[in-house]
Number of protein chains: 2
Amino acid sequence: MPVTIRDVARAAGVSITTVSRALNGHKDVGEKTRQRILRIAEELNYRPSAVARSLVTQKTRTIGFLVSDLSKGRIWHYFMLQILYGIQDRLAELGYDLILVNTTTTRQREISYLDFCTERRLDGVIVINLRLDDPYLHEVVESPLPSVVIDIPLVSATCGYVTSDNVYGAKLAVRHLIGKGHRTIGFVNGHSQAAVSHDRLRGYREALESHGIPFRPELVYEADYTVEGGRKGCELLRTAHPEMTAVFFASDLMAIGGLHHLREAGVKVPEECAVVGFDDIELAEIVSPQLTTIRQKRYEMGATAAEMLVGMMEGKTMPEGRTLLPELVVRQTS
Amino acid sequence: MPVTIRDVARAAGVSITTVSRALNGHKDVGEKTRQRILRIAEELNYRPSAVARSLVTQKTRTIGFLVSDLSKGRIWHYFMLQILYGIQDRLAELGYDLILVNTTTTRQREISYLDFCTERRLDGVIVINLRLDDPYLHEVVESPLPSVVIDIPLVSATCGYVTSDNVYGAKLAVRHLIGKGHRTIGFVNGHSQAAVSHDRLRGYREALESHGIPFRPELVYEADYTVEGGRKGCELLRTAHPEMTAVFFASDLMAIGGLHHLREAGVKVPEECAVVGFDDIELAEIVSPQLTTIRQKRYEMGATAAEMLVGMMEGKTMPEGRTLLPELVVRQTS
DNA sequence: CTGTTAGCGCCTTCAC
DNA sequence: GTGAAGGCGCTAACAG
């Protein structure tokens, strides 16, 4: 049994209230008393119970990190990890804890998202990897619980979002390729249940058209953000359009899949076919040739989400959308 | 304000006590009453407050995941992610929550590890990536708080561990290479502040000697588990020992670094130099050539750690060490 | 400045 | 079978 506020009060010869006040920095405590209490608390190694405090304040200072489809063997999550760091770092600075919530876990699917948060009295939630057609999406957005979603541009009275400027990012990529002289540029996109896919497609299209290059739907393949999907997309596009000299992928993982295909097909990168990815996961620098890509500021996305959420929870900020600018990172594949 | 047990009691026309009993499945409640209470609780969408419950039961059903050096831009953590899934999955099944604790975050370094856990009244802790010389190590092991450490073979009254059989794993790797006809096999190890490094070195050595190949210290390079370290180690070993036909790396990341060097040096893999890694992170399958490696059952390690910890907490199990057998995964680099 | 009183929401003896 | 009372550890009026 840890030492409680009573123990401190007793040892200091004052009431519990006074201890509480002294420790919480209230002004209305005699200076000598305060010092004594502080000293004694220190000596006794007193740690106030977050549980008891939560019960009375009705705040847990704990927020949930809700990850859809957090599961075994998914390398998708390499992308997510930096975001998690950003969230965790900023939350820790702000004095909040983070609890991991996985929507795929059986037990947690039994009760609704909101019920889960209610039971734990979470103060807020950050949600990632939600598909546009996931029923949870509405639940999150409409819920009275403050929330921030990553990469889905929806704002409600209690829900904000953080994302990258994906239109801009895609434009960066395509402009870069055009600048290198490419005119027939393929695009391997991710599935349409991710909001970012639509934006990246738009950026691709607009970049082409603003350079007088007509948009050709047949040069676009919709994959699924996996290595294998990227490989297949690249293969299909190249078979159908041998004249293609560059491919833009909506994620690094898909780009790496594309590189696999190109290597096996004996196509020289970037000489015969340039490749640009999206995300700048750590992998991009490790594969060879090193991948030219669009860097998303993932750590900052996480930190921003954390900040925004806490701002909302503490009533200092209104829910809003925040969009971070990605940047072009030129390496060896272009 | 969420609905409380009072609201349910009032609506059902019974006392709080009865509601509590009915909901917690006690036998001493009239069947009709129980049904009515259950129905009303359902209608009111009542969720018992985990906070209030924790205060009275003195258990939070929350365990901490303590990660040393969880920080921006570290790709080391690719290894950790699967372990985290394993932990999270099993804990969710067992009805426990997981909270993320980062020892590097400034605010959390201010107070000791134990204080942090005490404040939150955590029921237990799983610790990963602790260096042997980290002062936290003793604090964890000696602490009264139940804990499980990953990859450090220490057992105390309150602390168990989970690890892979690293000696065996290294033997698998080296035997495999010997079986392929290699006789001069280099070893790029990780830093000596990881317990696993010592075991992998021992396995390397014993495998050689049991095949009548003398152990030569000059064929061992101590790197640091990073890509760059692996690259450098590989380069140095090859320069000093051109006759070397295979290198075993104590991690996949280092092996990938080694592959970088070999490619640049124009050395054909595996014809002129075979490579075997350790871990089987997802990357191993993605790089090219695909990496032969020793698979650690990371998900199982996490699940095992979770299980063991809960067992200890609930008094069903004594702290112990559990060692999982890794396995050889032959791909293209050997 | 300090102490007394009331809970926060729930579980658990102990009576009835 | 059911209820009343007490308390988990802490904060927050309200008095003095």
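Quantities reported herein were computed from a predicted structural model and do not represent experimental measurements.

Side note on the overall build of chain A
Link 1 in the chain: Of the regular secondary structure elements, chain A holds 14 helices and 12 strands.
Link 2 in the chain: Since a compact globule built from 334 residues should have a radius of gyration of about 20 Å, the 25 Å found for chain A marks it as more spread out than a globular shape.
Link 3 in the chain: Oriented by its inertia axes, the alpha-carbon framework of chain A measures out at about 85 × 35 × 35 Å.
Link 4 in the chain: Counting every position in chain A, which comprises 334 residues, the buried fraction comes to 59%.
Link 5 in the chain: For chain A, restricting intrachain contacts to residue pairs at least 6 apart in sequence, the fraction spanning at least 24 positions comes to 69%.
Link 6 in the chain: Carbon and sulfur atoms form 51% of the exposed surface of chain A, whose accessible area is close to 13600 Å².

Concerning the protein's contact with DNA strand C
Link 1 in the chain: Looking at DNA strand C, there are 25 residues lining it, with A:Thr17, A:Gly30, A:Thr33, B:Ile5 and B:Tyr46 nearest.
Link 2 in the chain: Counting only the atoms of DNA strand C that lie within 4 Å of the protein, the sugar and phosphate share comes to 64%.
Link 3 in the chain: Here a phosphate oxygen of DNA strand C sits 3.1 Å away from a polar atom, N or O, in the side chain of A:Gln58.
Link 4 in the chain: Here B:Ser49 contributes a backbone N or O atom positioned 2.9 Å from a phosphate oxygen of DNA strand C.
Link 5 in the chain: Taken together, the elements giving at least two residues each to the surface near DNA strand C come down to helix 2 (16-23) and helix 4 (50-57) of chain A together with helix 1 (5-12), helix 2 (16-23) and helix 4 (50-57) of chain B.
Link 6 in the chain: Residues that form the surface near DNA strand C fall into these classes: 10 nonpolar, 11 polar and four charged.

Describing the domain arrangement of chain A
Residue and element names in this part refer to chain A.
Link 1 in the chain: What the domain assignment lists for chain A is domain 1 (5-57), domain 2 (62-164 + 298-323) and domain 3 (166-295).
Link 2 in the chain: Taken over C-alpha atoms, the centre of domain 2 sits 29 Å from the centre of domain 3.
Link 3 in the chain: Facing 15 residues of domain 2, the contacting portion of domain 3 comprises 14 residues.
Link 4 in the chain: Summed over both sides, the interface of domain 2 with domain 3 buries roughly 1100 Å², with 58% coming from carbon and sulfur.
Link 5 in the chain: Ranking the residues of domain 2 by area buried against domain 3 places Arg131, Leu132 and Arg298 at the top, with a combined share of 37%.
Link 6 in the chain: In this structure, the connection of domain 2 to domain 3 is made through one salt bridge.

Here's the deal with the interface of chain B and chain A
Link 1 in the chain: If you look at the interface, chain B gives 58 residues, while chain A gives 58 residues.
Link 2 in the chain: In total, chain B and chain A occlude about 5100 Å² of area from one another, counting both sides; carbon and sulfur atoms represent 62% of this.
Link 3 in the chain: Summed over the three residues of chain B that lose the most area to chain A, namely B:Arg47, B:Tyr78 and B:Ile286, the buried surface amounts to 13% of that side.
Link 4 in the chain: Here chain B is connected to chain A by four salt bridges.
Link 5 in the chain: For A:Arg47, the salt bridge is made with B:Asp115, and the minimal N-O distance between the two is 3.0 Å.
Link 6 in the chain: On the surface where chain B and chain A come into contact, there are 14 residue pairs in polar contact (both at pLDDT 80 or more).
Link 7 in the chain: Counting residues per element, the ones that place at least two in the side of chain B that touches chain A are helix 4, helix 5 (78-94), strand 2 (97-102), helix 6 (106-110), helix 7 (113-120), helix 12 (252-264), helix 13 (283-286) and helix 14 (298-313) of chain B.
Link 8 in the chain: Tallying contributions element by element places helix 5 of chain B first for the side of chain B that touches chain A, with nine residues.

As for the protein's contact with DNA strand D
Link 1 in the chain: Near DNA strand D, the surroundings consist of 27 residues, among which A:Ile5, A:Tyr46, B:Thr18, B:Gly30 and B:Thr33 are the closest.
Link 2 in the chain: When atoms of DNA strand D within 4 Å of the protein are sorted by moiety, sugar and phosphate together comprise 65%.
Link 3 in the chain: A distance of 3.0 Å is found between a base nitrogen of DNA strand D and a side-chain nitrogen or oxygen belonging to A:Thr17.
Link 4 in the chain: Measuring from a base nitrogen of DNA strand D, one finds a side-chain N or O atom of B:Arg21 at 2.8 Å.
Link 5 in the chain: Looking at the surface near DNA strand D residue by residue, the class counts come to 11 nonpolar, 11 polar and five charged.

Description of the UniProt feature "domain: HTH lacI-type" (unreviewed entry) in chain A
Link 1 in the chain: Feature annotation in UniProt assigns "domain: HTH lacI-type" (unreviewed entry) to the following positions: residues 3-57 of chain A.
Link 2 in the chain: In residues 3-57 of chain A, the share of helix is 69% and the share of strand is 0%. The end C-alpha atoms are 21 Å apart.

A closer look at the pattern of salt bridges
Link 1 in the chain: Scanning the model with the defined rule gives 44 salt bridges over all chains in all.
Link 2 in the chain: A salt bridge links B:Asp97 to A:Arg120; the shortest N-O distance between them is 2.5 Å. Of this pair, B:Asp97 sits in strand 2 while A:Arg120 is found in helix 7 (residues 113-120), placing the two residues in two different chains. In this pair, the class of B:Asp97 matches that of A:Arg120, namely buried.
Link 3 in the chain: A salt bridge links B:Arg131 to B:Asp133; the shortest N-O distance between them is 3.3 Å.
Link 4 in the chain: A single network of salt bridges, built from pairs that share partners, joins A:Asp280, A:Arg295, A:Lys297, A:Glu327 and A:Arg331.

Conventions used here
Residues numbered from 1 in each chain as written. Chains lettered and ligands numbered in written order. Predicted model: local features only at pLDDT ≥ 70, side-chain atom pairs only at ≥ 80, totals over all residues. Heavy atoms only, no water. Helix = DSSP H or I, 4+ residues; strand = E, 2+ residues; numbered from the N terminus. Rg over C-alpha atoms; globule rule 2.2 N^0.38 Å. Buried < 20%, exposed > 50% of the residue type's maximum accessible area, 1.4 Å probe, protein only. Contact = heavy atoms within 4.5 Å. Areas by Shrake-Rupley, 256 points an atom, 1.4 Å probe, with all protein chains shown as cover. Near = heavy atom within 4 Å. Polar contact = N/O pair within 3.5 Å; in protein donor to acceptor, adjacent residues only side chain to side chain. Nonpolar A, V, L, I, M, F, W, Y, C, P; charged D, E, K, R; others polar. Domains from an automatic or database assignment. Buried area = accessible area lost by both parts, 1.4 Å probe. Salt bridge = Lys/Arg side-chain N within 4 Å of Asp/Glu carboxyl O. UniProt positions renumbered as here; feature names shortened; annotations may be inferred.

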